[in-house]
Amino acid sequence: MQHDLFTTNDAPEPISIGADALLLPQFLSAYEQQLVRAIDTIIARAPWRQLTTPGGRKLSVRTSNCGKYGWYSDRAGYRYVACDPLTGQAWPQLPQVFVEQAQAAAEEAGFADFQPDACLLNCYQPGVKMGLHQDCDEEDLSAPIVSFSLGLPAQFLWGGWQRSDKVQRIRLQHGDVVVWGGEDRLRFHGIAKVAGGNHPLLGGQRINLTFRQAKR
Ligand SMILES: O=C(O)CCC(=O)C(=O)O
Ligand SMILES: [Fe+2]
């Protein structure tokens, strides 16, 4: 086999986790600094907060948003809102590096022309988890979900179309991206309790960015 020294690519191969779902290991490696700087800027304007579920419980994960719409939850329900209820201001704009990498990842997974209008930021400290759920608050389910992992590793719980379906555990590391759409769009998923640790760039936390097309 002939190796071309000028086109070596150290990024591991994508891993199929469903007919329309792909794990892209290390997809973000070259952008980690830029991404973390952009996150800091967003959080300065739209700080982390713990939302309340419609049932009155506090989510353990801390969240924020950027983009035209932000995912929000309180006693009135789960929904997308154009202003941050905490500040009354519009959510910070989607940084260009977010859009470019989310679109590039979507394209790798076969979703050309992904136009995210919402990015939910999730911050997990050790001990924090996210229970099994479907992402179904978006108007157009033909657009995929694109999810970036940064900081501490986590186990992605990748289920089926029923809550009771068997769950696969997939290790997500700093720089990994998962894309799911098409027939996998409504699969149940979650995050197991994050273990303690110290990430060189992000310290004792895992930050997830979830890109969606919320409105048509
Ligand atoms: O943190 C993750 O990787 C998943 C987040 C998620 O599923 C969500 O915010 O809906
Ligand atoms: Fe989700």
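What you are looking at is a predicted structure, and each value in this text was computed from that prediction instead of being measured.

Rules behind the numbers
Residues numbered from 1 in each chain as written. Chains lettered and ligands numbered in written order. Predicted model: local features only at pLDDT ≥ 70, side-chain atom pairs only at ≥ 80, totals over all residues. Heavy atoms only, no water. UniProt positions renumbered as here; feature names shortened; annotations may be inferred. Helix = DSSP H or I, 4+ residues; strand = E, 2+ residues; numbered from the N terminus. Buried < 20%, exposed > 50% of the residue type's maximum accessible area, 1.4 Å probe, protein only. Contact = heavy atoms within 4.5 Å. Pairing = 2+ DSSP bridges. Axes fitted to C-alpha atoms, helices over the stretch in contact; angles between N-to-C directions. Salt bridge = Lys/Arg side-chain N within 4 Å of Asp/Glu carboxyl O.

1. Describing the UniProt feature "binding site: 2-oxoglutarate" (unreviewed entry) in the protein
Next, step 1: Those residues carrying the UniProt feature "binding site: 2-oxoglutarate" (unreviewed entry) are Asn122, Cys123, Tyr124, Arg206, Ile207, Asn208, Leu209, Thr210, Phe211 and Arg212 in this numbering.
Next, step 2: Its location among the elements puts Cys123 in strand β6 (residues 118-124).
Next, step 3: According to the relative accessible area criterion, Cys123 is buried, its value standing at 1%.
Next, step 4: If near-sequence neighbours (up to four positions away) are discounted, Cys123 is found in contact with Trp48, Val61, Arg62, Gln205, Arg206 and Ile207.
Next, step 5: As for its position among the elements, Tyr124 is in strand β6.
Next, step 6: Classification of Tyr124 as buried rests on a relative accessible area of 1%.
Next, step 7: In this structure, Tyr124 is in contact with Val61, Lys129, Met130, Ile191, Val194, Gly204, Gln205, Arg206 and Asn208, ignoring residues within four places of it in sequence.

2. Examining the sheet that holds strand β10 (residues 168-172)
Next, step 1: Spatially, β7-β12-β9-β10 is the arrangement adopted by the four strands of the open sheet, whose pairing is antiparallel. Strands with a single pairing partner mark the edges of an open sheet, and in this sheet they are β7 (130-133) and β10. When the angles between neighbouring strand axes are averaged without regard to direction, this sheet yields 20 degrees.
Next, step 2: Here β7 runs beside strand β12 (residues 189-191); their pairing, made up of two bridges, is antiparallel. Bridge pairing in β12 places Met130 opposite Ile191.

3. Points about the pattern of salt bridges
Next, step 1: The full count for this structure, using the stated rule, is seven salt bridges.
Next, step 2: We note a salt bridge from Arg79 to Asp74, for which the minimum N-O separation is 2.9 Å.
Next, step 3: In this structure Arg79 comes out as partly exposed when scored by relative accessible area, which is 27%.
Next, step 4: Glu139 is the partner of Lys215 in a salt bridge, and the nearest nitrogen-oxygen pair spans 4.0 Å. Of the two residues, Lys215 sits in the segment after β13 (206-212) while Glu139 sits in the loop between β7 and β8 (145-151), which places them 76 residues apart along the sequence.
Next, step 5: Under the relative-accessibility criterion, Lys215 is labelled partly exposed at 26%.
Next, step 6: One salt-bridge network, in which partners are shared between bridges, spans Asp135, Glu138, Arg185 and Arg212.

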